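Inside the fold
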Amino acid sequence: MAVTPTAALVQTLNGIQFGFILFMIASGLTVILGILDVLNLAHGELFSLGAYTAIGVFGFIIGIIGPPGGGVVGTAVFVLAVLAAVLVTAAILLPVGTLFEAVFLRQIYDRDQVYQLVLTFALLLILLDVKKFIWGDSSIRTDAVYSAINTIPTSELVGLNYPTYNVFVILVGSAVVVGLFWFFERTKTGRIIRATAIDREMATAIGVSTDRVFTLVFALGAFLAGFAGAMAVPPTSATLEMGTNPLVLSFVVIVIGGLGSLRGAFVGALLVGVIRSWMITLYPPGEIAAPFAIMALILLVKPEGLFGTWGETA
Amino acid sequence: MPERVDRDGTPAYRFLGVEVTRREAAFLVLGVVFLFVIPDIASLSDSLQLSVIHQGLLFGFAAVGLNLLLRHTKLTSFGHAAFFGTGAYATAVLARYAGVQSVGLLLLGAIAAATVMAAIIGVLSLRHTGLYFALLTLAFGQLLYAIALGQSALGGSDGLPIRPGPANQPLLFGTAFSPDVYQVLTYYLTVVVILIGLFVMYRITQSPFRNALDAIGQERTRARFIGLPVRRYVWAAFVISGIYGGVAGGLYAVVRQYVRPEGTLFFLRSGDILFMTILGGFRTLVGPLIGGVVLIFLQDVGQDITQYYEFLTGVVLLILVYGFPRGIVGSLRSGGIVNTRLGELRREPSVLSAWGRSAAQSLERKVTEAMTSLRIILFGVD
Amino acid sequence: MKRTTTDHDSEGIGRRQLLSAVGGSAVAAALAGCSTLLSDGEAADQGGQSGGEISDEPIQAGLLTFTRGAPGVLGIQAQRGAELAVQRINDAGGIGGQREIELDVVNEGSNPLDSYNQFIEEEKEVTFGPISSGTHSQIAPEVEKNEVINVSTDGTVTTLYEETVPDPTYSFRFQNYDIMEVVTMAREAVERIGADNISTVAGVNPGYSFGEDEMRVFTQAIQKLTDAEIVYEGFPELGASDMANHITSINNEEPDVTFSSLWGGDVTTFVRQANANDMFENTTVFGTTLYSAAGDVPGDALAGTDIYSGSRNYYWGLPALGNWQPGRELFDAATQQESVTVPTAHYMSGYGAVTAWATAVEKAIDLLGTYPSQEQIAQVLEGHGFFTPAGYHNIAEDHQGASNSFAGQMVYDDDLGAARLEDVNTYAATETAPPPGVTGSDWLDSWSA
């Protein structure tokens, strides 16, 4: 079947958009892995917690400002309000991440790695039912955000038929990527974190509180996962099971990129997003298997992943 | 016949290479008898289902295999469902497409398929250790899951029945039994397989091979320097552990007469198998088996008593991590935490409130610490 | 297989005493588990009574359905339907005027087989459910072995009575099965836009066996009815959050017809994202179970869409409520129940399954004068005809229910606060189902192109 250039472009954009969401989840996972040496199985639940929380926050904020007013100003206010809601959601996840690290994880760093898996899995199960307790069994949705943002003309201006919300995700996602790299390259805290990743003992020796770095990193991961959840939920609905798939795909992403490598996570996320997107177009049955096949392939060629481990470069 | 030997001053008996003290022998006999009477206990109680215990034993048996890797080579496999599923699906494919009816042949097929699968995945994933290895095994497991889901010949998400031949069921001793008799007979088959499997595993852990694996687990480079063929040994251990998974999966398919991807290959099943090992006690031989029964039972009973059964399982795992890291069997052993604590409690009952106080204090301290960290993260150090 | 506990025990103890005499107590203990193997498992017919008076002991019934999670959208409808039927029967004095029904509802979760076996251990006299096709394939053979009647609510997989249980005795299915709902929609597509106007067809179906089967049957049917070519087949995962890729592919191909068997929350995701991508400018969607999202899909997502949905063997608005009193009463009762916005086809799955069994038992009592055995009920159920508010139903000799099917345009109704079907067409079972004894695939093959 013939794929028109327009469809090819849109399909690629779809993949990039999905890749950005994936990156926001995987980046936290990979940084936690690189620094704490912990594989956080509950990361998907943090993402889903973000989605659930966001629905409440969106409702609250839209309740205050009302539906988007007419004109450029009204639209801009609405978009800013949505962004603010996303940030608030992510901020709500900060203390969750902090508690995770300080209360639960910190006590078992010196144990066998397998206990960390058991622990984060236990937290996964607990979060699952906490969500069920708060929000109930059936899926919940926020309708206003997706449809309102889609009424803003963007892709139509260049003669393309592409939902504005997806454009929004790509723009915000790019900003997050830029922000993260800036944070790790340019800020003092970011450099301290990287220093800790390279050599924990050395960092301690020069006066870095590794405890605090660990907490910070975990909180940052939770923040990003919550951010991703808030961005991902408007076109769809929040369900109890929604954390599983992104978690497993994030594993693929960070293995492709190299455990702990932020740059690797970025490339891996876009790669998985776009290839998956093209797979659905050209060979739909391969949708589920494709990411794992790519991963197996890359590992055979380059066993330590595309970018090796993290630290020296972000 | 058992031969009397002396072990560190206590009299012990040796039989077929298994050396036990009198106390251990008593436990052994008791355990075996218990396994055999479970069908009767289950038939007397409404809340206890033979099929649930049976399933627990099967997953637990896979966990016994996984434990060979975890305990000795320190490798954490997060993809053991791959072998369980391979065994189960091999059985289903043989029954459906080759019309194999004999349970024995079906199980042989399961073993063969799991061996091949473990050999391949082993070669590909054992180039790595640590979390990389865990993630790789997980990915291979998910790849198999995706394949089973995607192939209509494998039944897709609906799965495949194991109902070969005119009798519409696998044959034991060439005979088709009625459903409840079949259930009990296959249970006994499982018990026999488990006893053999445990015996073999025991012999492995008494052999020089185990010492080599231990050496590899402690320090790979050193092991290589002293001339151990590290990769070959680890690979052999991986394949053996995969075979245990395959046998368990094959039995699972024969017992339930149906396999579906989610029940056998999904990565959460791999998680289950791993957590059973820890739950039961991964420094012990039979711990994983007991962990299997307990975890499956917990999930099943939990569903009946509360809709928040995941929470329940989560809390049990938390308690395990912090309170009983050596697992059920490890903690019950003499010198284990349960015995120690029970001893303290017997001497001085008021110690209970002290424990409660110290737990509450430590939790409070942790939360305060967390909040301080959060404040610093958000507002910087003042 | 009915054994009383006392029998079982005394026998077990007797044998154990004997064994301990011959082999010592350890051997006796070790072999005690064999009691199941030694007791004669094939005693009386379960649930059957040897004649005479009908007792007033309540009938223990089990329903296996999804009570939570994503498929709860379907399962809870079936549960409420079954509960209403049971309530109506009990209010009327129970079966035979004496025996009330006690319905035990269990979630069809990750281990439905265990739940089903538990029903059997608890000696349920009848079981209803399941919802999922996979579960049905799994338990139907068990139903035959256990010889306790199961009237399934759904589990509508086409091959069930063709391959899985080719010659059923105790397993029945009330709801129209997959081939019927798919052929209904193929006919509906031709009816609405004309065979000559359908030259390209695409599909977006859930990525598991059900969705793949539906697409296969639709392909077979539509290619007999038209000269259509299949241009795209997408299978988003169950609960997929993002269907943009599938929608873009549809937009790329601009097919005349897009077939979909998405259900529940996936319908809402699909329709909202399709609308945002202006997909309905390029195609018309025909779906078998889209209407299952009636109470979930928001009004603005349906605005400007071009969607036709089937509704299996029940649509609440047909005949129009104003001139069909039973329909009116059912609708009012259903909408009073918890978590039923409007009753959908799955509501009738539950209601009808219970009704099919109950009316068959009544018929058997009339004929026999005593309470019937499982085998006797099964005989009556074969070819059993009965009414529900959805109309007349017939359980054919092949154990498959045959009823009219409905399809119409899916639009949003502000007054209702839910979607409804407009301009509904009715299709007779003879138009949508193969005659008993012919497989669906052979039947479709036999159509002249």
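Since the structure is predicted, the reported quantities are computational estimates derived from the model, not experimental observations. (Residues numbered from 1 in each chain as written. Chains lettered and ligands numbered in written order. Predicted model: local features only at pLDDT ≥ 70, side-chain atom pairs only at ≥ 80, totals over all residues. Heavy atoms only, no water.)

**Section: the interface of chain C and chain A**
Each partner contributes residues to the interface: chain C has 32 residues there, and chain A has 35 residues. When chain C packs against chain A, close to 2,600 Å² is buried across both sides, 41% of that on carbon and sulfur atoms. A salt bridge links C:Asp296 to A:Arg141, with the nearest nitrogen and oxygen atoms 3.1 Å apart. Here the side of chain C that touches chain A gets seven residues from one element, more than from any other, and that element is helix α9 (residues 244–253) of chain C. (Contact = heavy atoms within 4.5 Å. Buried area = accessible area lost by both parts, 1.4 Å probe. Salt bridge = Lys/Arg side-chain N within 4 Å of Asp/Glu carboxyl O. Helix = DSSP H or I, 4+ residues; strand = E, 2+ residues; numbered from the N terminus.)

**Considering the UniProt feature "domain: Leucine-binding protein" (unreviewed entry) in chain C**
Residues given the UniProt feature "domain: Leucine-binding protein" (unreviewed entry) here are residues 58–410 of chain C. The span residues 58–410 of chain C carries 43% helix and 18% strand; its end-to-end C-alpha distance comes to 42 Å. (UniProt positions renumbered as here; feature names shortened; annotations may be inferred.)

**Comments concerning the packing of aromatic side chains**
Under the defined criterion, the tally for this structure stands at 36 aromatic pairs over all chains. Between B:Phe36 and B:Tyr188, the aromatic rings sit 5.4 Å apart at their centres with planes inclined by 20°, giving stacked as the arrangement. One end of the pair, B:Phe36, is in helix α1 (residues 22–44); the other, B:Tyr188, is in helix α6 (residues 179–205), with 152 residues separating them in the sequence. You can call B:Tyr188 buried: its relative accessible area is 9%. Relative to C:Phe210, the ring of C:Tyr208 lies with its centre 5.9 Å away and its plane at 35°, an arrangement referred to as tilted. Grouping residues by exposure puts C:Tyr208 and C:Phe210 together as buried. These aromatic residues form a ring-pair network of at least three members: A:Phe100, A:Phe104, A:Phe218 and B:Tyr322. If you follow A:Arg276 out to its NZ or CZ, it ends over the ring of A:Phe18, 4.2 Å from the centre. The ring of C:Tyr371 carries C:Arg99 above its face, with NZ or CZ at 4.6 Å from the centroid. (Phe/Tyr/Trp six-rings, centres within 6.5 Å; stacked < 30°, edge-to-face > 60°. Buried < 20%, exposed > 50% of the residue type's maximum accessible area, 1.4 Å probe, protein only. Lys NZ or Arg CZ within 6 Å of the ring centre and 35° of its normal.)

**Observations regarding empty space enclosed by the protein**
In this structure the tally under the stated criterion is three cavities of 30 Å³ or more. In this structure, the largest cavity occupies an estimated 60 Å³ of space. What lines the largest cavity is simply C:Thr288, C:Thr289, C:Tyr291, C:Ser292, C:Gly310, C:Ser311, C:Arg312, C:Thr344, C:Ala345 and C:His346. Of the residues in the lining of the largest cavity, the class split is two nonpolar, seven polar and one charged. Mapping the lining of the largest cavity onto the domain boundaries places at least three of its residues in each of domain 2 (59–176 + 326–402) and domain 3 (179–311 + 404–446) of chain C. Reported here for the second largest cavity is a volume of approximately 50 Å³. Lining the second largest cavity, in full, are B:Val64, B:Asn67, B:Leu68, B:Arg71, B:His72, B:Met201, B:Thr205, B:Thr284 and B:Leu285. (1 Å grid on protein atoms, 1.4 Å probe; cavity = no way out; pocket = protein on both sides within 12 Å on 5 of 7 lines; lining within 4 Å. Points joined across faces, edges and corners; volume = space filled by probe spheres on them. Nonpolar A, V, L, I, M, F, W, Y, C, P; charged D, E, K, R; others polar. Domains from an automatic or database assignment.)

**Digging into the packing of helix α2 (residues 50–73) of chain B against helix α11 (residues 267–280) of chain B**
All names here are of chain B. Running from N to C, α2 and α11 point in directions that differ by 75°, and their axes come no closer than 8 Å. In terms of orientation, α2 and α11 fall into the roughly perpendicular class. Where α2 abuts α11, its residues Phe59, Gly60, Ala62, Ala63, Leu66, Asn67 and Leu70 lie against Arg269, Ile273, Leu274, Met276, Thr277 and Ile278. The class makeup of the residues in the contact of α2 with α11 is nine nonpolar, three polar and one charged. (Axes fitted to C-alpha atoms, helices over the stretch in contact; angles between N-to-C directions. Parallel < 35°, antiparallel > 145°, perpendicular 65-115°, else oblique.)

**So, the sheet that holds strand β5 (residues 171–173) of chain C**
Pairing between the strands of a sheet is mediated by backbone hydrogen bonds and can be parallel or antiparallel. Residue and element names in this part refer to chain C. The five strands lie next to each other as β2-β1-β3-β4-β5, forming an open sheet whose pairing is parallel. Either end of the sheet is taken by a strand with one partner, and the two such strands are β2 (101–107) and β5. Pairs of neighbouring strands in the sheet enclose a mean axial angle of 20°, with direction left out of account. Of the strand pairs in this sheet, strand β3 (residues 126–128) and strand β4 (residues 150–152) are connected by two bridges, and their pairing is parallel. Paired with Phe128 across the two strands is Val151, which belongs to β4. Each of β1 (59–65), β2 and β3 is contacted by helix α4 (residues 112–121), which is oriented at about 175° to β1, the strand it contacts most. The strands touched by helix α5 (residues 133–146) within the sheet are β1, β4 and β5, with β5 carrying the most contacts at an inclination of about 140°. (Pairing = 2+ DSSP bridges.)

**Concerning the environment of C:Ala186**
Residues and elements named next belong to chain C. Structurally, Ala186 is set in helix α7 (residues 178–193). C-alpha separation for the pair Ala186 and Phe387, spaced 201 residues apart in sequence, amounts to 27 Å. With residues up to four places along the chain from it excluded, the contact list for Ala186 reads Phe218, Ala221, Ile222 and Leu225.

**Re the layout of surface pockets**
Residues and elements named next belong to chain B. In this structure, the second largest pocket spans a volume of roughly 2,200 Å³. For the second largest pocket, the lining is made up of 47 residues, of which Glu24, Phe27, Leu28, Gly31 and Val286 are closest to its centre. Listing elements by their share of the lining of the second largest pocket, those giving two or more residues are β2 (10–15), β3 (18–21), α1, α2, α6, α12 (287–305) and α14 (327–332). Per-element accounting of the lining of the second largest pocket gives the leading share, 14 residues, to α1. Across the lining of the second largest pocket, the residue classes tally to 34 nonpolar, six polar and seven charged. When we break the lining of the second largest pocket down by domain, the ones giving at least three residues each are domain 1 (1–48) and domain 2 (49–332).

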